[in-house]
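Each chain, written out:
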Amino acid sequence: MCGIFGCIVNEGEVAPLIHLALKRLEYRGYDSAGIATVYKGLLFLKKDSGRIDEIHEKLDLNSLPGMIGIGHTRWATHGAPNMENAHPHTDCTGKIAIAHNGIIENYIEIKKSLESKGHIFKSRTDSEVFAHLIEDNIKNNMSFEDSVKQAVKLISGSYAIAAIHADEDKILCVKNESPLIIGISDNGVFCASDIPALLPYTNRVIELFDGEMAILSLRNIKIIRIKDESIVQRYETIIDWSMDMAEKGGFPHFMLKEIYEQPRAIRDALRIDKRLINIASMLIENSDRLFLVACGTSYHACLAISYIFSELSLINAIPCIASEFLKSYAQLVDESTVVIAVSQSGETRDTLTAVKNAKMRGAQIIGVTNVIGSELARISDIYLNMQAGPEIGVAATKTYISQLTLLSLLAINFSHNYGLASENIYRRLLSELYEASVIIEKYLRRIDNEAKRIAQVIAPRENVFYLSRGINVASALEGALKLKEISYIHAEGYPAGESKHGPIALVEEGFPCIFITPTGETSVKILGNIMEMKARGAKIISITQDDAHEVKEVSDIFISIESNLSEILTPIIFSPPLQLIAYHTAILRLKDPDKPRNLAKSVTVP
Ligand code: F6R
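Residues numbered from 1 in each chain as written. Predicted model: local features only at pLDDT ≥ 70, side-chain atom pairs only at ≥ 80, totals over all residues. Heavy atoms only, no water.

Draft legend 1. Quick peek at the nonpolar core. By size, the foremost hydrophobic cluster in this structure holds 86 residues, and its most contacted members are Ile-284, Phe-309, Ile-340, Leu-384 and Tyr-466. The biggest single contributor to this core is helix H15 (residues 423-458), with 13 residues. Residues contacting Ile-284, with those up to four places away along its chain left out, are Leu-290, Phe-309, Ile-315, Val-338, Ile-340, Ile-366, Leu-410 and Phe-414. (Core = buried A, V, L, I, M, F, W, Y, C linked by side-chain atoms within 4.5 Å. Buried < 20%, exposed > 50% of the residue type's maximum accessible area, 1.4 Å probe, protein only. Helix = DSSP H or I, 4+ residues; strand = E, 2+ residues; numbered from the N terminus. Contact = heavy atoms within 4.5 Å.)

What follows is the structure, given as structure tokens:
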């Protein structure tokens with residue numbers, strides 16, 4: 001959940017480069033930050049709690065000397081977000097500094113043993129032990145390189161660590177289950193938690209895999225497998241993301257930019273190699289059980305897609321929140337099970353834990369993620385790349401659309417190959433999937449204004465209901481999650497038929513109820529639920545399609561979308577209005593939608 005960055009340059013100083021890179025990694029955590037550099041045999045360090053801009057204003061992060069350095073932006077797991085717990089962490093001699101992303105699970109016993117040898121700890125983090133372990137090894141006459149190698153052998157858990165030493169002209173990087181990539185340019189070498197941090201400097205990258213150590217210097221980049229110390233030969237790859245793709249491109253927030261990128265995200269998701277979709281379909285056909293496993297927004301995509309499998313193929317695809325998978329379903333998993341694991345980051349610990357458990361029991365894994373080189377991509381039997389480009393806003397928007405698109409494509413393809421969809425239905429649904437991007441492109445600017453009007457209604461309220469039926473129950477849940485996480489208004493999404501079983505007790509004059517109402521049979525049923533709420537004074541807000549005349553008539557405000565997409569594809573076109581409502585509500589309440597409090601973009605802890 002933290003961002004780390006390191007670099008060595010052959011001209012100029014590194015501190016301003018690290019500072020800029022940390023800004024680009026801030027979405028991974030933003031409760032404290034720091035930079036350490038090496039200059040003339042000394043280590044220089046500046047760090048504090050707060051956001052990077054605040055720290056820079058106080059400490060001037062650019063003024064550290066030297067051509068080698070590492071930086072860190074933190075999302076606290078062990079130890080409060082304060083200056084002492086901010087990274088980089090140093091050893092007792094003040095010569096070694098480390099930046100760590102992940103969790104060292106056995107740090108307590110290591111810390112005790114180091115303390116008994118006289119080491120003094122300055123923080124309450126798990127990470128600091130790594131700096132002292134290196135120090136201890138160096139005291140025992142090991143080289144810096146060997147010290148890091150041996151230290152890694154003692155720790156368990158997840159980590160991406162960059163380490164520097166005042167007497168060395170290198171950065172040492174190790175990795176297990178947390179991301180770390182290496183960048184190379186004519187002016188230097190880099191390591192970073194994620195690609196956007198590298199883009200201002202280079203698009204040439206080398207992946208580092210679990211269990212490997214990279215020794216970065218201006219002379220060369222050496223990668224070794226820690227277990228047997230063998231040298232790894234790995235070629236660089238070129239990243240074709242432009243700088244602009246990882247910047248705001250004129251929008252006030254990344255979230256808004258990413259909402260506007262959704263038509264393209266749909267088209268890009270549909271660019272997937274169809275052979276992969278066919279292989280994934282075949283795996284499902286050969287299985288007896290199918291689970292869809294994910295967390296948060298990605299789980300909502302799974303929930304939606306379970307309806308498509310059921311409707312088009314009469315298949316019981318079981319959606320499951322990843323953190324519950326082990327207790328609820330793992331016992332049922334065997335060699336004839338397929339797990340579709342969905343995670344935009346590919347790093348979410350709960351999802352990975354569920355996948356690893358299922359894999360151990362013999363299941364086949366279809367991974368759906370947006371991050372090449374992520375752990376999910378690596379451990380899946382088949383990996384479907386969402387190709388949404390970087391998503392910087394903490395709240396998932398365009399990656400949700402990509403997930404819906406890719407998973408719909410898979411469910412439709414499966415039904416065509418093995419289920420109930422005739423050639424005609426298959427072709428129609430495929431063309432509707434492409435059409436969804438055109439529909440969104442056409443309505444985005446108009447509904448942006450309509451969403452602002454709805455935001456004015458809900459911004460002063462404390463509670464909002466999001467209601468629907470059928471596949472759009474997933475949209476209701478997702479709409480509520482978006483509102484909660486960025487505007488801090490309590491919101492509940494649930495099937496509209498459930499109101500009278502409890503939640504309706506909360507409804508009073510002016511209570512906002514947002515109904516997601518596709519046309520057809522569902523709208524007839526939802527109409528009754530709308531009337532129940534209206535009769536108790538609720539403010540009725542509808543997201544609907546143009547020909548749902550009755551729904552519009554009984555609504556106080558509505559957003560209407562011109563489309564006759566099949567109902568199973570409507571979650572794709574209903575999502576952007578719900579995201580925009582949340583976005584504008586957050587703005588009206590003066591909240592930063594890109595960096596909601598207490599949240600981070602990738603959740604690498606259980
Ligand atoms: C909400 C959001 C989270 C993520 C969840 C899973 O906007 O972004 O709920 O969906 O943390 O993350 P991934 O998809 O990376 O596994």
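There's more to say after this.
Draft legend 2. Seen up close, the site of the ligand. Ser-298, Ser-343, Ser-345, Thr-348 and Glu-485 are the nearest of the 15 residues found near the ligand. Interatomic distance of 2.8 Å between a backbone N/O atom of Gln-344 and an oxygen atom of the ligand. Ala-396 is positioned such that a nitrogen or oxygen atom in its backbone is 2.9 Å from an oxygen atom of the ligand. When isolated, the ligand has an accessible area of 410 Å², and the protein chains bury 90% of it. Its residues assigned to classes, the shell around the ligand comprises 6 nonpolar, 7 polar and 2 charged. (Near = heavy atom within 4 Å. Polar contact = N/O pair within 3.5 Å; in protein donor to acceptor, adjacent residues only side chain to side chain. Areas by Shrake-Rupley, 256 points an atom, 1.4 Å probe, with all protein chains shown as cover. Nonpolar A, V, L, I, M, F, W, Y, C, P; charged D, E, K, R; others polar.)

Draft legend 3. Molecular detail of the packing of helix H10 (residues 296-313) against helix H16 (residues 473-487). Interhelical geometry of H10 versus H16 gives an angle of 170° and a closest axis separation of 8 Å. By the angle between their directions, the pair H10 and H16 is classed as roughly antiparallel. Here H10 contributes Gly-296, Thr-297, His-300, Leu-303, Ala-304 and Tyr-307 to the contact with H16, which in turn contributes Val-473, Ala-474, Leu-477, Glu-478, Leu-481 and Lys-482. Of the residues contributing to the contact of H10 with H16, the split by class is 7 nonpolar, 3 polar and 2 charged. (Axes fitted to C-alpha atoms, helices over the stretch in contact; angles between N-to-C directions. Parallel < 35°, antiparallel > 145°, perpendicular 65-115°, else oblique.)

Draft legend 4. Representation of empty space enclosed by the protein within the structure. All told, the structure shown has 2 cavities of 30 Å³ or more when counted by the stated rule. Counted as a void, the second largest cavity has a volume near 30 Å³. In terms of lining residues, the second largest cavity is bounded by Ile-305, Ile-308, Leu-404, Ser-408, Ile-471, Ile-568, Leu-569, Pro-571 and Ile-572. Among the residues forming the lining of the second largest cavity, the class breakdown is 8 nonpolar, 1 polar and no charged. (1 Å grid on protein atoms, 1.4 Å probe; cavity = no way out; pocket = protein on both sides within 12 Å on 5 of 7 lines; lining within 4 Å. Points joined across faces, edges and corners; volume = space filled by probe spheres on them.)

Draft legend 5. Focus on the pairing of strand S25 (residues 557-561). Counting buried positions over the 5 residues of S25 gives 4, a clear majority of the element. Sheet topology places strand S24 (residues 539-545) next to S25; 5 bridges connect them, and they run parallel. Residue Ile-543 lies in a different strand from S25, and its bridge partner there is Ile-559. Viewed along the sheet, the connection from S24 through helix H18 (residues 549-554) into S25 turns out right-handed. (Pairing = 2+ DSSP bridges. Right-handed = clockwise from strand over helix to strand, strands pointing away.)

Draft legend 6. Local environment of the packing of aromatic side chains. Throughout the structure, instances matching the rule amount to 11 aromatic pairs. Seen from their ring centres, Tyr-39 and Phe-44 are 6.4 Å apart, and the 55° between their planes marks the pair as tilted. With relative accessibility at 35%, the residue Tyr-39 sits in the partly exposed group. With a centroid separation of 5.2 Å and 80° between ring planes, the pair formed by Phe-465 and Tyr-494 is classed as edge-to-face. Residue Phe-465 is found in strand S21 (residues 463-468), and its partner Tyr-494 is found in strand S22 (residues 490-495); the two are separated by 29 residues along the sequence. Across this residue pair, the class does not change: Phe-465 and Tyr-494 are buried. Grouping aromatic residues by their ring pairs yields a cluster made of Phe-5, Phe-190 and Tyr-201. Taking NZ or CZ as reference, Arg-234 lies 4.1 Å from the ring centre of Phe-209, over its face. (Phe/Tyr/Trp six-rings, centres within 6.5 Å; stacked < 30°, edge-to-face > 60°. Lys NZ or Arg CZ within 6 Å of the ring centre and 35° of its normal.)

Draft legend 7. Quick look at the sheet that holds strand S16 (residues 289-294). In space, the 5 strands of this open sheet follow the order S17-S16-S18-S19-S20, with parallel pairing throughout. Looking along the sheet, the strands with just one partner apiece sit at the ends: strand S17 (317-321) and strand S20 (382-385). On average, adjacent strands in this sheet sit at an angle of 20° to one another, irrespective of strand direction. On top of the sheet, helix H9 (residues 274-285) reaches S16, strand S18 (337-343), strand S19 (364-369) and S20; it is set at about 135° to S20, its chief contact. Helix H14 (residues 398-418) rests against S18, S19 and S20 of the sheet, and its axis sits at about 160° to S18.

Draft legend 8. View of the domain arrangement of the protein chain. On domain assignment, one finds that the protein chain holds domain 1 (3-247) and domain 2 (263-588). Computed over C-alpha atoms only, the centres of domain 1 and domain 2 are separated by 37 Å. The interface is formed by 14 residues belonging to domain 1 together with 11 residues belonging to domain 2. Roughly 1,200 Å² of surface becomes buried between domain 1 and domain 2 when both sides are summed, with 56% attributable to carbon and sulfur atoms. (Domains from an automatic or database assignment. Buried area = accessible area lost by both parts, 1.4 Å probe.)

Draft legend 9. Region of the structure containing the pattern of salt bridges. According to the stated counting rule, one finds 39 salt bridges in the structure shown. The partner of Lys-95 in a salt bridge is Asp-167, with the nearest N and O atoms 2.9 Å apart. One end of the pair, Lys-95, is in the loop between strand S5 (89-90) and strand S6 (96-104); the other, Asp-167, is in the loop between strand S7 (157-165) and strand S8 (171-176), and 72 residues separate them in sequence. With a shortest N-O distance of 3.6 Å, Lys-500 and Glu-532 are connected by a salt bridge. Taken together, the residues span a long stretch of sequence, with Lys-500 in the loop between S22 and strand S23 (512-517) and Glu-532 in helix H17 (residues 521-534) at a distance of 32 residues. (Salt bridge = Lys/Arg side-chain N within 4 Å of Asp/Glu carboxyl O.)

Draft legend 10. How the structure looks around the side chain of Ser-555. Following the sequence through the fold, Ser-555 ends up in the loop between H18 and S25. A polar atom in the side chain of Ser-555 sits 2.6 Å from the side chain of Ser-542.

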